[in-house]
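What the coordinates show
What follows is each chain in one-letter form.
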Amino acid sequence: MGVGEGEFAGGASFKLVADILTLHENEDWPRTGQTSAVSESPYIPFSTRFVDERTAYRSFLPDDLKPADIEPLRALLAESRNPLVKARIAETIWLKFKDFKDADACVEARLDVARVVGEGVSWTETVRNLGKLASAILKFNMQRRFNEFCDACESIRTHLLNTDKRFSYFVLADVLGNTFLSQAKTRVVFGETRAERWRADLEAVAKEYRSDPHLGHEALLVLRAWDVLWSWTDRREVTSREVVDQLLSAAAAGEPKYAPMLIQSALSVALDFGIADLVERCRALLNRSLRVEASNYATISYSFELPDDSIAALDQILSTSESISLAIRKLAVGPSLLDIDLESERSRAEKNSQDTPFLKLIPVRWIHPEGRIIASSDASSSHLDRYLAICLHSRLSLVEGLLGYFLIQTRDRIQATTLMEALGKWPHLNIARIHPLSVAAERFARGDRVSSAFIVIPFFESLLRDLLRAAGYSATKIDPGGVQLDETLNSLLRTSLAKEILGEGFCKSAEYLLCDSSGGPNLRNEIAHGTVRHEALSEARVFLVWLHIVRLTCFSFPLTSA
């Protein structure tokens, strides 16, 4: 159903009523402990269900009503026996024509729905209706309806606690606390005696479901929010600790693979509530649980064939170079190995995410072998980062495969001085860096790739800084105390000058390889923090770092007296 010019002129047709009954209802109130899309403007009960951007064709909205529609709709409103239908129609008329008697009819209809809870009205409809009823009463400032609303809430509460849906009692209390009770004047009407009774029920439900990793936690969060709402400070402090304790207990009682998620939630709660001693306890438990989980990871192996044209290009470089040093230099200036086309990789990631839409529903945590979470994805944007990381990793595997082939062909001919000779006579090479780099080159030549990596990876940053300074960039920053500090590697690679000289693709490649902590090897930081793993320093990967350094030495600028 869509809206066209003059489509509804002429009265309340069956199609018009059908459109009103299929309006998309918004929940414009927050939920405790959950991400909620709260409307920027209060009380916006309906929004479009769909929009076709190509034709500007959209679903029905109250603004589409014509003046000729109002009387037939009011006649239907007077005759209808279904309170939900009456609420929909009255609310729609009010939104268009802003007549207060329609707002009053809407509130009356929603009160009728609240009074007949359990009689053909689903629990979901009951909660949504209660939230919309509270929003409407507050929007229209209907103080004469406050007591009626409180009585309706009592009826719903009594019914719910006597059903098998007791576990959802905290949802009812949450909606009430975040709508009707959000104002001091309504809390006065509700009364602290009644609030005490509701809290006792909340506490009983929380204890009943304490062992449940989800329901117990959410019930306690609402219980704490209730204590905050009524300014019960002592109770709030106790409940805050109970929220953390419940999550930790659930983590200890459940399967080890779920423990990190629950402990991470406990840590977030402890940080949010400022419970210092529990923060430290949660951090220690999280690191321990992550190490346990990481040790149970399954090893995944795969194989692929190197492209024939890439192999042919490597063979041509070797056959046309006078020395291995020259071949390495040619390898470094080629655009395919040391440049990442990030837009192309992102497009590939988007396609992969579209091919597997259900994976977007699964939260993912990247866990470092040392036992810490280094990245997470639980939204569509962060899931795209996850797919992008997979694409970049597959590209790195291909590059390492090609470099492995090159090293197999040249291993016997790489000498202690080969890599240093590949740097050429670079005029910007600081004399203080020559000896350490020579040691790194010699270690790589005799197969000690780990020692070579520990020297050469940190030196990439200093050589990049030398190049940028030669081009006129200071590569330093000044702290508030006037002390000069070197810019970080990430910052240097993202400067417009670095991209202009080296190319954006090269800068992306270097950043991914050396300092991407969420999806890349992150070699520079792993070495700096002493957390690098032996398997991360493969011969091909260390050689790739050397190629990045050689690429730097392909650019020079006129030397000045300074």
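Figured I'd write up the structure that's included with this text. (Residues numbered from 1 in each chain as written. Predicted model: local features only at pLDDT ≥ 70, side-chain atom pairs only at ≥ 80, totals over all residues. Heavy atoms only, no water.)

1. Brief notes about the packing of helix H7 (residues 169–178) against helix H9 (residues 192–208)
Close contact between H7 and H9 brings their axes to 9 Å; oriented N to C, the two are set at 140°. Considering their axes alone, H7 and H9 lie oblique with respect to each other. Relative to H9, H7 is oriented so that their crossing is left-handed. Contacts between H7 and H9 involve Tyr-169, Phe-170, Leu-172, Ala-173 and Leu-176 from the former and Trp-198, Asp-201, Leu-202 and Val-205 from the latter. (Axes fitted to C-alpha atoms, helices over the stretch in contact; angles between N-to-C directions. Helix = DSSP H or I, 4+ residues; strand = E, 2+ residues; numbered from the N terminus. Parallel < 35°, antiparallel > 145°, perpendicular 65-115°, else oblique. Left-handed = near helix turned anticlockwise from the far one by under 90°. Contact = heavy atoms within 4.5 Å.)

2. Side note on helix H25 (residues 539–552)
A rise of 1.5 Å per residue sets the reference length of H25, with its 14 residues, at 20 Å; its end C-alpha atoms lie 21 Å apart and thus fit the reference within 8%. With 13 of 14 residues buried, H25 lies mostly within the body of the structure. (Expected span 1.5 Å × (residues − 1). Buried < 20%, exposed > 50% of the residue type's maximum accessible area, 1.4 Å probe, protein only.)

3. Some thoughts on the packing of helix H2 (residues 70–79) against helix H3 (residues 83–97)
At a closest axis distance of 9 Å, the pairing of H2 and H3 adopts a crossing angle of 155°. On the basis of the axis angle, H2 is roughly antiparallel to H3. Taken as a pair, H2 and H3 cross one another with a handedness that is left-handed. Touching Ile-70, Leu-73, Arg-74, Leu-76 and Leu-77 of H2 are Lys-86, Ile-89, Ala-90, Ile-93 and Phe-97, all from H3. Split by residue class, the contact of H2 with H3 holds eight nonpolar, no polar and two charged. (Nonpolar A, V, L, I, M, F, W, Y, C, P; charged D, E, K, R; others polar.)

4. Comments concerning empty space enclosed by the protein
One pass over the structure, following the stated rule, counts one cavity of 30 Å³ or more. By volume, the largest cavity amounts to about 40 Å³. In terms of lining residues, the largest cavity is bounded by Leu-337, Ile-340, Arg-395, Leu-396, Val-399, Ser-509, Tyr-512, Leu-513 and Leu-544. Taken together, the elements giving at least two residues each to the lining of the largest cavity come down to helix H17 (380–410) and helix H23 (504–515). (1 Å grid on protein atoms, 1.4 Å probe; cavity = no way out; pocket = protein on both sides within 12 Å on 5 of 7 lines; lining within 4 Å. Points joined across faces, edges and corners; volume = space filled by probe spheres on them.)

5. What to know about the pattern of salt bridges
Counted by the stated rule, this structure contains 41 salt bridges. Notably, a salt bridge pairs Arg-58 with Asp-64, separated by 2.8 Å at the nearest N-O pair. Under the relative-accessibility criterion, Arg-58 is labelled partly exposed at 23%. In this structure, Arg-74 engages Glu-71 in a salt bridge whose closest nitrogen and oxygen atoms are separated by 3.7 Å. A residue pair is termed a helical-turn pair when its members lie 3 or 4 positions apart in one helix, as Arg-74 and Glu-71 do in helix H2 at three residues. Taking relative accessible area as the criterion, Arg-74 reaches 16% and is therefore assigned buried. Bridged by salt links that share partners, the residues Asp-104, Glu-108, Asp-112, Arg-115, Arg-144, Arg-145 and Glu-148 form one connected network. (Salt bridge = Lys/Arg side-chain N within 4 Å of Asp/Glu carboxyl O.)

6. What about helix H16 (residues 342–355)?
Counted at 1.5 Å a residue, the expected span for H16 with its 14 residues is 20 Å, and the 20 Å between its end C-alpha atoms agrees. Those residues of H16 that fall on the buried side of the exposure criterion are Leu-342, Glu-345, Ala-349 and Ser-353. Considered in projection along H16, the buried side chains sweep an arc of 80° and stay on one side of the axis. Turned more than 90 degrees away from the buried face of H16, the exposed residues are Glu-343, Gln-354 and Asp-355. (Arc of directions from axis to C-beta.)

7. A short note on a negative patch on the surface
On the surface, Asp-341, Glu-343, Glu-350 and Glu-504 cluster together into a negatively charged patch. Along the chain, the position of Glu-504 falls in helix H23. Looking at Glu-504, the relative accessible area reads 45%, which means it is partly exposed. (Patch = residues over 30% accessible without salt bridge, like charges linked within 9 Å, V, L, I, M, F, W, Y side chains within 5 Å. Areas by Shrake-Rupley, 256 points an atom, 1.4 Å probe, with all protein chains shown as cover. Lys, Arg positive; Asp, Glu negative; His and termini not counted. Charge placed at Lys NZ, Arg CZ, Asp CG, Glu CD.)

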